[in-house]
Amino acid sequence: GISGPRVLPGTYTVRMTKNDKPYEMKLTVALDRRDKFSEADRKAQYDAAQRVKELFGDESALMDRILALRASLSKSEQAVASDVATQKAVGDFDGKVDAVRKQIVATTEGGAITGEERLREHTDQLFGAILSYEGKPADYQIARIDSLRRELDDVSKNFENLLTNELPKLNETLKAKGQPEISPPPAKMAVNDADDRIGGGPLNGSIDRDLPGTAATLPANFRLLR
């Protein structure tokens, strides 16, 4: 993504550091007076955008686990290259894992441009639609968030079923051939920062909301409304 959810109206502290010396200033964010929606509508839009952003993060986290598992499978497949039966067993399992991957992302170069759309592309379209208008999202857009979340839950269950029911059988086959077992990928992969993927990257500094226990960040394309 090239943009992220815009922060809500409020007073923020902008803090930047140069040569180890911090600089701070207050920043007030307000609604554009030309807009027809209310602050409550703006809050509803922000909340919806955050939900889709979290959905992106969860999709990416699952993809990280799938790619980590497939990397391990590739090594095992190479290690048993001289054993046709065992290599086929590894390849067959990898095919099942890849089928789960194909439920999440388009596999053709160009993605949605080619007409091939998967869960990731549908989420991207919804994210763009919600961000295109800062007022309250339509009811069908909120329902679409719930629908995409259910789809991701189903894909996650398919992947977990492979780890629980299929991977142990493959490991028994590998163990019998004197090969190391394949460990299931951890539930959380410390690979990527979802905020950087969705919000356009971190700012050179931080922005804290002047409310107890809360914080917010401004996206790179943030514009100050007067």
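Our subject is the structure listed above.
These figures come from a predicted structure and were not determined experimentally. (Residues numbered from 1 in each chain as written. Predicted model: local features only at pLDDT ≥ 70, side-chain atom pairs only at ≥ 80, totals over all residues. Heavy atoms only, no water.)

Chemist: Which parts of the structure should I look at to understand the nonpolar core?
Modeler: Across soluble globular proteins, you tend to see nonpolar side chains buried next to one another. Membership of the largest hydrophobic core comes to 33 residues, with the highest contact counts inside it found for L69, L73, F93, V97, F159 and L170. The contact partners of L170, leaving out residues within four places of it in the chain, are L73, A89, V90, F93 and I182. Grouped together as the second largest cluster of nonpolar side chains are seven residues, L8, Y12, V14 and L27 included. (Core = buried A, V, L, I, M, F, W, Y, C linked by side-chain atoms within 4.5 Å. Buried < 20%, exposed > 50% of the residue type's maximum accessible area, 1.4 Å probe, protein only. Contact = heavy atoms within 4.5 Å.)

Chemist: Help me understand the side chain of R42, please; the structure alone is not making it clear to me.
Modeler: Note that R42 resides in helix α1 (residues 39–79). A distance of 3.1 Å separates a polar side-chain atom of R42 from the backbone oxygen of V7. R42 has contacts with R6, V7, L8, P9, L31, F37 and E134, leaving out every residue within four places of it along the chain. (Helix = DSSP H or I, 4+ residues; strand = E, 2+ residues; numbered from the N terminus. Polar contact = N/O pair within 3.5 Å; in protein donor to acceptor, adjacent residues only side chain to side chain.)

Chemist: Hey, could you run me through the packing of aromatic side chains in this one?
Modeler: When we look at a pair of aromatic rings, we describe it by the centre distance and by the angle of the planes. Counted by the stated rule, this structure contains two aromatic pairs. Ring geometry for F37 and Y133: centres 5.8 Å apart, planes at 85 degrees, overall edge-to-face. Here F37 is found in the loop between β2 (21–29) and α1, whereas its partner Y133 is found in the loop between α3 (119–131) and α4 (139–176), with 96 residues between them in sequence. Judged by its relative accessible area of 10%, F37 is buried. Between F56 and F127, the aromatic rings sit 5.4 Å apart at their centres with planes inclined by 90 degrees, giving edge-to-face as the arrangement. Linking F56 in helix α1 with F127 in helix α3, this pair joins segments that are 71 residues apart in sequence. Just as F56 is buried, F127 falls in that class too. (Phe/Tyr/Trp six-rings, centres within 6.5 Å; stacked < 30°, edge-to-face > 60°.)

Chemist: I keep staring at the environment of L174 and nothing clicks. Help me out?
Modeler: Considering the arrangement of structural elements, one finds L174 in helix α4. Looking at L174, the relative accessible area reads 0%, which means it is buried. If we skip the residues at most four places from it in the chain, L174 touches S76, V80, T86, V90, Q179, P180 and I182.

Chemist: When you look at the packing of α1 against α3 in this model, what are you seeing that I'm missing?
Modeler: The axes of two packed helices give the description: the angle between them and the distance between them. Where α1 contacts α3, the two axes come as close as 10 Å, and the packing angle between them is 160 degrees. As the angle between them shows, α1 and α3 are arranged roughly antiparallel. Both α1 and α3 take part in a crossing whose hand is left-handed. Only L119, R120, T123, D124, L126, F127, I130 and L131 of α3 make contact with α1, whose side of the interface consists of Q45, A48, A49, V52, K53, L55, F56, E59 and S60. Taken together, the residues of the contact of α1 with α3 break down into 10 nonpolar, three polar and four charged. (Axes fitted to C-alpha atoms, helices over the stretch in contact; angles between N-to-C directions. Parallel < 35°, antiparallel > 145°, perpendicular 65-115°, else oblique. Left-handed = near helix turned anticlockwise from the far one by under 90°. Nonpolar A, V, L, I, M, F, W, Y, C, P; charged D, E, K, R; others polar.)

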